[in-house]
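A structural walkthrough
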Amino acid sequence: MIYDKEQKEIASRMDNKSKLTNWKDWKWQLRHAIRSMEKFEQLTGIKFDDKERVNLRKTFDKFPLSITPYYLSLIDKKNYKNDPVFKQAFGGIEELTTLQSELEDPLSEDKDSPVEGITHRYPDRVLFHVSNICAMYCRHCTRKRKVGDIDSVPSKDQLNQGIEYIKNTPQVRDVLLSGGDPLMLTDEKLDWLLSEISQIPHVEIIRIGTRVPVVLPYRITDKLISILKKYQPLWINTHFNHPNEITTSSKEALAMLADGGFPLGNQSVLLADVNDCPRIMKTLLHKLIQNRVRPYYLYQCDLSEGLSHFRTPIGKGIEIMESLIGHTSGFARPTYVIDAPGGGGKIPVMPNYIISWSTNKVILRNYEGVITTYKEPDSYEARVCDRDCDICTLDLNLNEDSEMEAVGIEKLLSDHDDTISLVPEHNDRLHRRGENE
Ligand SMILES: *Cc1c(COP(=O)(O)O)cnc(C)c1O
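Note that the structure is predicted; figures quoted are calculated from it, not measured.

Applying the stated rule across the entire model yields one cavity of 30 Å³ or more. As a volume, the largest cavity reaches approximately 30 Å³. Of the residues that constitute the lining of the largest cavity, the class distribution is five nonpolar, no polar and two charged.

Spelled out as structure tokens, the structure:
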């Protein structure tokens, strides 16, 4: 087994005999998670002064600390204040600043929750919080309000409530397991849970969102892979934010998952002073695709409490997308999204490529700034669609109810519905007309 210098150094300072022989045992990593400032100082050799200690203690009283020895070993101790791993794992007094615009539950996940553990926001898919535990407490966690709250796994009874809800909700075809980290469940519990969900006839796919490949890659064991393999199609999304997180160990974990046949995606969060740089982001994305991980989302940092120091203007995200689109492989670039405060879901945002248009031409610009003209067809017979698929000449061969109804903006574009505007509730102008309620 090969261990790098940093891993050896951390292990040599750990005050028990097991040390390096156990380094790759994920349960050992969890048992030895660094949960105090003192332990952090002892293992890294970094020393804080008295004032820093007072502030850090306040911070960790509100938002607890937990770092795996493995993730700790990635910190550059000599330059830790600028280190992206340190910033994601350790935190500081900035977290105690709460701005008025920040919210405890910015995405209204609790409000959109029909039963405990389920967030049902989109028509055909649900988020299922199956674990309260994480291997490492990310300082930028969107569910920061809950971190370390109940450091326990929900009981089978609690999970059964969620399973029942999915069983009774036939629209749900996609179940996204989240948490905490679903891979913090034991092999047995995970096996049971996946088996229950996969037996529900209307569930077509299951997804797992996990940061384990980044912070505890040794959790990906042959046994785990053999369990997960039983529940294909299973999609796995992980959460790398910086190229420094792609190490020999995390590459091995990703290779095992990819060889297991699971489509792999990555969701990054745009974080000030961590990855808010087109070059860092591009390096990360290139490393991901080299390891068979398809970048999925780049998130604008949420309006959660204690995250203001991580937030960037949206313009930074657009600038990064500008540096990617056209400049690198199409499948290396994520979709940049803003999760709407209040629970509106993810909103994709991009630079503008359409510059202007008339009735027969569209003027576009490319990534180089070249302006081009797309001539539209002289005649295009718009097919009027009243959603009566029986008389249509297009071959759809599908007549399911869920396909029939247009929703949202789609409804405004449709022919079969004469709605011409969508008006927010309590619109004063319409209220004056007496039309709103
Ligand atoms: C992100 C999210 C999903 C999944 O969204 P996709 O765009 O399909 O990946 C589902 N439910 C909730 C509540 C979410 O936040």
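So much for the structure itself; the text now carries on.
This next bit is on the nonpolar core. Grouped together as the largest cluster of nonpolar side chains are 89 residues, with contacts concentrated most on Phe40, Ile67, Tyr71, Phe128, Leu177, Leu193 and Leu228. Among the elements that make up this core, the one with the highest residue count is helix H8 (residues 187-198) (five residues). Excluding residues that lie within four positions of it along the chain, Phe128 makes contacts with Gly117, Ile118, Leu159, Gly162, Ile163, Ile166, Val175, Leu176, Leu177, Ser178, Leu193 and Ile197. Counting nine residues, the second-largest nonpolar core is a separate cluster that includes Leu271, Val274, Leu307 and Val337.

This part is about the UniProt feature "binding site: [4Fe-4S] cluster" (unreviewed entry) in the protein. In the numbering used here, UniProt assigns the "binding site: [4Fe-4S] cluster" (unreviewed entry) feature to Cys134, Cys138 and Cys141. Cross-referencing the annotated residues with the lining of the largest cavity gives Cys138. One can find Cys141 in the loop between strand S2 (125-129) and helix H7 (156-167). Each residue touching Cys141, except ones within four places of it in the same chain, is listed here: Val147, Ser304 and Leu307.

This part is about helix H12 (residues 278-290). With 13 residues, H12 should cover 18 Å at 1.5 Å per step; its first-to-last C-alpha distance of 18 Å lies within 8% of that length. Inspection of H12 places Met281, Leu284, Leu285 and Leu288 among the buried residues, and these make up the whole buried set. Looking down the long axis of H12, one finds its buried residues gathered within 95° of arc, a one-sided arrangement. Exposed residues pointing more than 90 degrees away from the buried face of H12 are listed as Arg279 and Gln290. Tucked inside the fold, the buried residues of H12 contact strand S6 (264-269), strand S7 (293-299) and helix H13 (314-324). A positive backbone phi angle near 65° is found at Arg292, which sits one or two residues after H12.

In a beta sheet, neighbouring strands are held together by backbone hydrogen bonds and run either parallel or antiparallel to one another. Judged by pairing direction, the sheet is antiparallel, and its three strands sit side by side in the order S10-S11-S12 without closing on themselves. The open sheet has two edge strands with one neighbour each: strand S10 (354-357) and strand S12 (371-375). Taking each pair of neighbouring strands and ignoring which way they run, the sheet shows an average axis angle of 25°. With three bridges connecting them, S10 and strand S11 (residues 361-365) associate as antiparallel partners. Opposite Ser356, over in S11, you have Ile363 as the bridge partner.

Thresholds applied
- Residues numbered from 1 in each chain as written.
- Predicted model: local features only at pLDDT ≥ 70, side-chain atom pairs only at ≥ 80, totals over all residues.
- Heavy atoms only, no water.
- 1 Å grid on protein atoms, 1.4 Å probe; cavity = no way out; pocket = protein on both sides within 12 Å on 5 of 7 lines; lining within 4 Å.
- Points joined across faces, edges and corners; volume = space filled by probe spheres on them.
- Nonpolar A, V, L, I, M, F, W, Y, C, P; charged D, E, K, R; others polar.
- Core = buried A, V, L, I, M, F, W, Y, C linked by side-chain atoms within 4.5 Å.
- Buried < 20%, exposed > 50% of the residue type's maximum accessible area, 1.4 Å probe, protein only.
- Helix = DSSP H or I, 4+ residues; strand = E, 2+ residues; numbered from the N terminus.
- Contact = heavy atoms within 4.5 Å.
- UniProt positions renumbered as here; feature names shortened; annotations may be inferred.
- Expected span 1.5 Å × (residues − 1).
- Arc of directions from axis to C-beta.
- Pairing = 2+ DSSP bridges.
- Axes fitted to C-alpha atoms, helices over the stretch in contact; angles between N-to-C directions.

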